[in-house]
Amino acid sequence: MKKDGHIHTPYCPHGTKDSLKQYAEQAIALGFTEMTFTEHAPLPKGFIDTTPTQDSSITLEVLPFYLEDVQRIKKEYEKRIKINVGLEIDYIEGFELEIKNFLAQWGHFLDDSILSVHFLKNPMSTHYDCVDYSPEYFGKMVEQYGGVSKIYDCYYQTLLKSIKADLGPAKPKRIGHMTLIRKFHHMYPLEQNFQTVLFAILEEVKNQGYELDYNGAGVNKPYCKEPYPPNWIVEEAVKRNIPLIYGSDAHQAQDLGQGWNVMLWNDR
């Protein structure tokens, strides 16, 4: 079985308008037998998108149309590829109740889902920052947080909180791109490997019985050039028998399969 468990859609405000059918056909052409559309879920009620373009997710008004459309394509292609209805849920510190309420209302529509951290609560203020928006944005964060290591620490601690958070029975069981913070590591290098907290994250993933999104998008990012997470962490996950689910994190049909050929697999 060849599965891509992390795929965006034409509903993504910062993606392309490639149709769901284009994604499905491309997945089939690449030999995938299963795929999950995981559009960025509406951000928690009361949270304001702090990215300059404010295009991080779909809106609550659009959500029913997205779910209906994926259900339609799922049925249309059921004899050719298994398609799952999913969402990528943002964990945002301080909005746990709002996320829990959202999942309680919409979780039963989902076959599969991912829990990811994109926004950090600035420890020096009440502001939230998107960690993967752009190298320039990250550079400003370095100044505000007091160094690259401070951002990394904040990200990994937030990720750990997301895994431990009580978000109800519909909480996603797959943790998205756990080392997304390394998206710009070639521009903002850091010798510290954060092994202690990364091992703690892996142990918590194992204890909760969760999966890891083994995300190929970083391979094609000019300042990353590695999967999320990189291979040494994947090897540690395999030692702990943590399931790894490949995710292209495609935002256009041609991104499907990205990174696949350079990634390690525990089922090879």
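Structure: see above.
Not measured: the values here are computed from a predicted model.

Conventions and cut-offs
- Residues numbered from 1 in each chain as written.
- Predicted model: local features only at pLDDT ≥ 70, side-chain atom pairs only at ≥ 80, totals over all residues.
- Heavy atoms only, no water.
- Core = buried A, V, L, I, M, F, W, Y, C linked by side-chain atoms within 4.5 Å.
- Buried < 20%, exposed > 50% of the residue type's maximum accessible area, 1.4 Å probe, protein only.
- Helix = DSSP H or I, 4+ residues; strand = E, 2+ residues; numbered from the N terminus.
- Salt bridge = Lys/Arg side-chain N within 4 Å of Asp/Glu carboxyl O.
- Lys, Arg positive; Asp, Glu negative; His and termini not counted.
- Polar contact = N/O pair within 3.5 Å; in protein donor to acceptor, adjacent residues only side chain to side chain.
- Contact = heavy atoms within 4.5 Å.
- Disulfide = S-S within 2.5 Å.
- Phe/Tyr/Trp six-rings, centres within 6.5 Å; stacked < 30°, edge-to-face > 60°.
- Lys NZ or Arg CZ within 6 Å of the ring centre and 35° of its normal.

Draft legend 1. The arrangement of the nonpolar core in detail. Counting residues in each nonpolar core, the largest one holds 76 residues, and the members touching the most others are Phe 37 and Ile 201. Per element, the largest residue contribution to this core is 9 residues, and it comes from helix α5 (residues 148–164). Residues Phe 95, Phe 119, Tyr 128 and Cys 130 belong to the second largest nonpolar core, which totals 7 residues.

Draft legend 2. Molecular detail of the pattern of salt bridges. Applying the stated rule across the entire model yields 15 salt bridges. Close ionic contact of Arg 80 with Glu 25 constitutes a salt bridge, the shortest N to O distance being 2.9 Å. Residue Arg 80 is located in the loop between α2 (63–76) and β3 (82–90), and its partner Glu 25 is located in helix α1 (residues 20–29); the two are separated by 55 residues in the primary sequence. Overall, the relative accessible area of 30% leaves Glu 25 in the partly exposed class. In this structure, Arg 240 engages Glu 203 in a salt bridge whose closest nitrogen and oxygen atoms are separated by 2.7 Å.

Draft legend 3. Region of the structure containing the side chain of Asp 90. If you trace the backbone, Asp 90 turns up in strand β3. Here Asp 90 occupies a buried position and makes no salt bridge, while the nearest side chain of opposite charge, Lys 183, is found at 13 Å. At 2.9 Å, the side chain of Asp 90 and the side chain of His 118 are in polar contact. Those residues in contact with Asp 90 that lie beyond four places of it in its chain are Leu 43, Ile 99, Ser 116, His 118 and Phe 119.

Draft legend 4. Layout of the state of the cysteines. One pass over the full model with this rule turns up 0 disulfides. Not engaged in a disulfide, the cysteine Cys 12 finds its nearest cysteine sulfur in Cys 130; these two sulfurs lie 12 Å apart. Free cysteine Cys 154: the closest other cysteine sulfur is in Cys 130, separated by 13 Å. Exposure remark for Cys 154: the relative accessible area of 13% places this residue in the buried category.

Draft legend 5. Geometry of the packing of aromatic side chains. With the rule as written, the count across this model stands at 19 aromatic pairs. Aromatic side chains Tyr 23 and Phe 37 sit 6.0 Å apart centroid to centroid with 90 degrees between the ring planes, which places their arrangement in the edge-to-face category. In this pair, Tyr 23 is assigned in helix α1 and Phe 37 in strand β2 (residues 34–40), connecting sequence segments 14 residues apart. Judged by relative accessible area, Tyr 23 falls into the buried class, the value being 0%. Judged by its relative accessible area of 0%, Phe 37 is buried. Where Trp 106 meets Phe 109, the ring centres are 5.6 Å apart and the plane angle is 40 degrees; that geometry is what we call tilted. Taken together, the ring pairs connect Phe 47, Phe 95, Phe 119 and Tyr 128 into an aromatic cluster. Stacked on the ring of Phe 32, the Lys or Arg Lys 2 has its end atom at 4.7 Å from the ring centre. Across from the ring centre of Phe 199, 4.9 Å away, lies the NZ or CZ of Arg 240, which sits over that ring.

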